[in-house]
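Coordinate inspection notes
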Amino acid sequence: MINWIMSCISSPKYSISINGSIHGYFKGERGLRQGDPLSPYLFILGMEYLSRDLDMLKNDKLFKFHPRCGKFKITHLIFADDLLLFSRGDIYSVGKLHQCIRNFSYISGLEANASKCSIFFGGVQLCRDFLWGKSSQSSKMPLVAWNNVCMDRKKGGLGVYSATSWNLAATLKILWQIHSNKESLWIKWVHGTYLRRNDIWNVTAKNSDSWMWKQMIKARDRAALSCGGINNLLQLLNVCGRNTKFHISALYHDLLPVTQQVPWHYTVWDQLSYPKHSFISWLAVLNKLLTKDRLMKRGLIIDGSCCLCSGAELENRNHLFFSCKFSSEVWNGIMSWLQFTWRSCEWDHILEWFCTKLRGKGFKQGIRRIAFTAAIYNIWTERNLRIFQQEIRTVTQLIKRIKMDILSAVLNSQVQEKFRHWLQSL
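Residues numbered from 1 in each chain as written. Predicted model: local features only at pLDDT ≥ 70, side-chain atom pairs only at ≥ 80, totals over all residues. Heavy atoms only, no water.

1. Quick notes on the overall build of the chain
Note the threshold: A run of DSSP states H or I qualifies as a helix once it reaches four residues; a run of E qualifies as a strand once it reaches two. Both are numbered from the N-terminal end. Here the radius of gyration uses the C-alpha set of atoms, whereas the globule reference equals 2.2 Å times the residue count to the power 0.38. The contact criterion used is simple: two residues touch if any of their non-hydrogen atoms lie within 4.5 Å. Note on areas: these come from Shrake-Rupley sampling with a 1.4 Å probe, and a residue is covered only by the protein chains present in the view. Counted charges follow a simple rule, with Lys and Arg positive, Asp and Glu negative, and His plus the chain ends left uncounted. Lysine's charge is taken at NZ, arginine's at CZ, aspartate's at CG and glutamate's at CD.
Helix and strand content of the chain: 19 helices and four strands. Relative to the 2.2 N^0.38 estimate, which gives 22 Å for 426 residues, the radius of gyration of the chain is 30 Å and therefore markedly larger than a compact globule would have. When its C-alpha atoms are laid out on the principal axes, the chain stretches across 90 × 70 × 50 Å. Long-range pairs, those at least 24 residues apart, make up 50% of the contacts in the chain with a sequence separation of at least 6. With the model as given, the accessible surface of the chain reaches about 27100 Å², and the carbon-plus-sulfur share is 55%. Side-chain charges of the chain comprise 56 positive and 30 negative groups, with the mean position of each set lying 5 Å from the other.

2. As for unusual backbone geometry
Omega for the peptide link from phenylalanine 321 to phenylalanine 322 comes to 5 degrees, which places this bond in the cis form. Inspection of the secondary structure puts phenylalanine 322 in helix H14 (residues 317–323). Notably, glutamine 339 is not glycine yet its phi reads approximately 60 degrees, a positive angle. Counting through the fold element by element, glutamine 339 comes out in the loop between helix H15 (325–337) and helix H16 (347–357).

3. Focus: helix H19 (residues 417–425)
For clarity, the cut-off: Think of it in three bands: residues with accessible area under 20% of the maximum for their type are buried, residues over 50% are exposed, and the middle band is partly exposed, with areas taken using a 1.4 Å probe on protein chains only. This arc is built from the directions going out from the helix axis to the C-beta atoms.
Arg420, Trp422 and Leu423 are the residues of H19 that are buried. Seen end-on, H19 carries its buried residues on one side only, within an arc spanning 160 degrees. Exposed positions of H19 whose direction lies more than 90 degrees from the buried face are Lys418 and Ser425. In this fold, the buried residues of H19 make contact with H15, helix H17 (363–389) and helix H18 (395–411).

4. Here's the deal with the nonpolar core
Inclusion rule: Think of a nonpolar core as a cluster: buried Ala, Val, Leu, Ile, Met, Phe, Trp, Tyr and Cys residues, connected wherever their side-chain atoms sit within 4.5 Å.
Of all hydrophobic cores here, the largest spans 61 residues; its most connected members are Trp264, Trp282, Phe321, Phe322, Trp331, Ile367 and Phe372. Elements that contribute at least two residues to this core include exactly helix H5 (146–149), helix H12 (275–285), H14, H15, H16, H17, H18 and H19. Looking at this core element by element, the count peaks at 11 residues for H17. In this view, phenylalanine 321 contacts Ala284, Leu289, Cys345, Trp347, Ile376, Ile379 and Trp380; residues no more than four positions away in its chain are not counted. Counting residues in each nonpolar core, the second largest holds 29 residues, with Trp201, Leu236, Cys240 and Leu256 among its members.

5. Points about the packing of helix H6 (residues 163–180) against helix H7 (residues 185–195)
To keep things clear, this is the line we draw: Helix axes are fitted to C-alpha atoms over the stretch in contact, other axes to C-alpha atoms as well, and angles between N-to-C directions run from 0 to 180 degrees. Each angle receives one of four descriptions, namely roughly parallel if under 35 degrees, roughly antiparallel if over 145, roughly perpendicular if within 65 to 115, and oblique otherwise. Only Asp, Glu, Lys and Arg are considered charged in this grouping, and only Ala, Val, Leu, Ile, Met, Phe, Trp, Tyr, Cys and Pro are considered nonpolar; every other residue, Gly among them, is considered polar.
Following both chains from N to C, one finds H6 and H7 inclined at 90 degrees, their axes separated by 9 Å at the closest point. Viewed along their axes, H6 and H7 adopt a mutual orientation that is roughly perpendicular. Contacts between H6 and H7 involve Ile174, Gln177 and Ile178 from the former and Trp186, Ile187, Val190, His191 and Leu195 from the latter. Split by residue class, the contact of H6 with H7 holds six nonpolar, two polar and no charged.

6. Re a nonpolar patch on the surface
Heads up, the condition is: A patch consists of residues whose relative accessible area exceeds 30% and which take part in no salt bridge; residues with like charges are grouped when within 9 Å of each other, and nonpolar side chains (Val, Leu, Ile, Met, Phe, Trp, Tyr) when within 5 Å. By convention in these notes, a salt bridge is any Lys or Arg side-chain nitrogen within 4 Å of a carboxyl oxygen on Asp or Glu.
Among the surface-exposed residues, Ile16, Ile18 and Phe26 lie close enough to one another that they form a single nonpolar patch of about 280 Å² accessible area. Mapped onto the secondary structure, phenylalanine 26 falls in strand S2 (residues 21–27).

7. Points about the side chain of serine 344
We count it as follows: Throughout this description, a polar contact denotes any pair of N or O atoms lying within 3.5 Å of each other; where both atoms belong to protein, one of them has to be capable of donating a hydrogen while the other can accept it, and for residues adjacent in sequence the pair is counted only when both atoms sit in side chains.
Relative to the helices and strands, serine 344 is located in the loop between H15 and H16. Within the structure, the side chain of serine 344 is placed 3.1 Å from the backbone nitrogen of glutamate 346, a separation counted as a polar contact. Beyond its immediate sequence surroundings of up to four residues, serine 344 is in contact with Trp331, Met335, His349 and Ile350.

By themselves, these figures tell us nothing about what the structure is for.
Printed below as a string of structure tokens:
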């Protein structure tokens, strides 16, 4: 059968059409003519080899399945010429998947098109692990309290949904349905089994009741306590359950702690800013980056000198952004490029200026906010490269990198042509 297949591949001859005329023949060495009925069969044979290679990963005890795929030991799904690969996001497991693809490419001659490939991570879990969680080897230093992470961005958080608060809101929705909709069969069963002559807001759980019912009653009591009583809770549920449709998202936000908006959220979370720039800037504003002064306080390091200015001063947030000689040259270079009329290299002054004078929605205000977050991110990256990889970039190189980040963000966004020309003319 292999000989038949190779004959079908190698025996055809092709001609080339030049200016409407057919010229010459050349022998085919690999591949099939478009529309050849043998093509899907060869594709299936090739994918079968790849599929079996991926299936062998289940015998590797170090390979970790995706949390949702471990029960059935799923490593991949293939539909036509689309391939989905699944694993936990650790280096070893992802590396094994990549190794299978490389082996397949080497044997078959088929290369994956990197520009058409995408990687999706469990963003919330990665964020939680980075800020608050543990690695497989050791406990991690918590950077920001998880309750603060779950706050809205305008209130100083990341806007990550709290599973605990959402679960409480979902439970209250069920309790509201039991209270307001007595026509449904399952609600009639609940009334006949658990409520009888009581109502859902005053009934107490019995020892003989199911575990689920006890948890629902506990959730009711917890919500009533946080709202200041059962009457206040009912008023809140009435607002969220008006017009026959219960708005669980509105209830979720109402259950979150009441806090004031922070003045810097427009500065950090500008719509044109790169998410990674905004994230590092968010940590910087909260003073939660692991600068050397914080590491020294925890007893993790002894030397706290700044690596950007040859160890002249202690590295802390305010020194790094932008009192340090190196970072101040970078920041001054960016301010000159963008024609800042007001200049400072003092962290508190800069942040106050952005929060009070640059709150507008104009294009130039937005560009300056992007420059601020891009400078923080790139200076923090430079600091880490010097410490962990002994790589050094000059002030000029870093300014160029920041400019490229800003230009890429703008030129790949939908902005007016006059603003593009203004930025390119600088």
